[in-house]
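Spelled out from the first residue to the last, the chains are:
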Amino acid sequence: MVHEVSSFERSLAPLRAEIEVFDLLGGRLRRADLAGIEVVLLGGSGAYSAAIGGPWFATAMDSLRTVHASGVPAFASCWGFQAMAVAMGGRAVQDRSRAEVGTHRVFLTPAAGDDPIFGSLPSSFPAQMGHEDLVEELPPRTTLLASSDAVVNQAYRFEDAPIYCTQFHPELDSAGLLARLSTYPRYASEVLGVPSQAIADRVEDTPEANRLVRLFVEHVVRR
């Protein structure tokens, strides 16, 4: 959690961020908890699956529906991307044949060209990833913004709420991904069947993807 918070803080620079942590596994988020909050950031979690669920699942889904209904802008990556999709009527699955760990290229959809945030990015760029779960079906009232070679649904936005979601990690730069691989070396071998060093050797810088969170916050806070 500490690394995730510091990664979001780094991705927002030079904007100054005061990030308060709310544990979705610890209780239900209420509308009152969002009072005075300018932006909600939903990060990743390798220990919990939006596709498989668990005792915590129903409460977490209710909390994400509260975020959607609140009108507070939100940006969700990786687990947050999957969980928000499921909470709002989409479907996530676990499929290691389409797992992506390391740096992978994403391709913008035609709709992304007219998007106020994705529209400033090149049509294709590398991004950091680490997932075995993925969104098979997007929720209603969403627009697909990006895909990769292995996974169609890499980024989407809601049409009825100021919420953007990415399967990839725009908050992680190459150093951040290498730190994750070092902390969880078994993840690569268990998911992909290769040593984590083999993935680390192919990690690239991802400057275009790393702009996304800041671009989002600048857009929604200035509205």
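Looking at the packing of helix H1 (residues 2-12) against helix H4 (residues 174-183)
Then step 1. Relative to each other, H1 and H4 sit at 175°, their axes nearing to 11 Å. When the axis of H1 is compared with that of H4, the two are roughly antiparallel. Side by side, H1 and H4 meet where His-3, Glu-4 and Ser-7 of the first sit next to Gly-176, Ala-179 and Arg-180 of the second.
Then step 2. Tallied by class, the residues present in the contact of H1 with H4 amount to one nonpolar, three polar and two charged.

So, the state of the cysteines
Then step 1. Counted under the stated rule, the structure contains zero disulfides.
Then step 2. For the unlinked cysteine Cys-165, the closest cysteine sulfur is that of Cys-78, found at 12 Å.

Quick word on the sheet that holds strand E7 (residues 142-148)
Pairing between the strands of a sheet comes from backbone hydrogen bonds, and it takes one of two forms, parallel or antiparallel.
Then step 1. Read across the open sheet, the seven strands follow the order E1-E2-E9-E8-E7-E4-E5; overall the sheet is mixed. Either end of the sheet is taken by a strand with one partner, and the two such strands are strand E1 (40-42) and strand E5 (124-131). Put simply, the sheet's adjacent strands are angled 25° from each other on average, direction ignored.
Then step 2. Across three bridges, strand E8 (residues 155-158) lies against strand E9 (residues 163-166) in antiparallel orientation. Residue pairing for E9: Ala-155 is matched across the bridge by Thr-166.

Digging into the nonpolar core
Then step 1. With 29 residues, the main nonpolar core has Leu-64, Met-84, Phe-158 and Cys-165 as its most contacted residues.
Then step 2. The set of elements that each furnish at least two residues to this core consists of E1, helix H2 (57-70), strand E2 (74-77), helix H3 (79-87), E8 and E9.
Then step 3. Counting residues per element, this core draws most heavily on H3, at seven residues.
Then step 4. When residues no more than four places from it in sequence are discounted, the contact partners of Cys-165 are Ala-76, Phe-81, Met-84, Gln-154, Ala-155, Tyr-156 and Phe-158.
Then step 5. Membership of the second largest hydrophobic core comes to 25 residues, among which are Leu-12, Leu-121, Leu-145 and Phe-216.

About the cut-offs
- Residues numbered from 1 in each chain as written.
- Predicted model: local features only at pLDDT ≥ 70, side-chain atom pairs only at ≥ 80, totals over all residues.
- Heavy atoms only, no water.
- Axes fitted to C-alpha atoms, helices over the stretch in contact; angles between N-to-C directions.
- Helix = DSSP H or I, 4+ residues; strand = E, 2+ residues; numbered from the N terminus.
- Parallel < 35°, antiparallel > 145°, perpendicular 65-115°, else oblique.
- Contact = heavy atoms within 4.5 Å.
- Nonpolar A, V, L, I, M, F, W, Y, C, P; charged D, E, K, R; others polar.
- Disulfide = S-S within 2.5 Å.
- Pairing = 2+ DSSP bridges.
- Core = buried A, V, L, I, M, F, W, Y, C linked by side-chain atoms within 4.5 Å.
- Buried < 20%, exposed > 50% of the residue type's maximum accessible area, 1.4 Å probe, protein only.

Nothing here speaks to function; it is geometry throughout.
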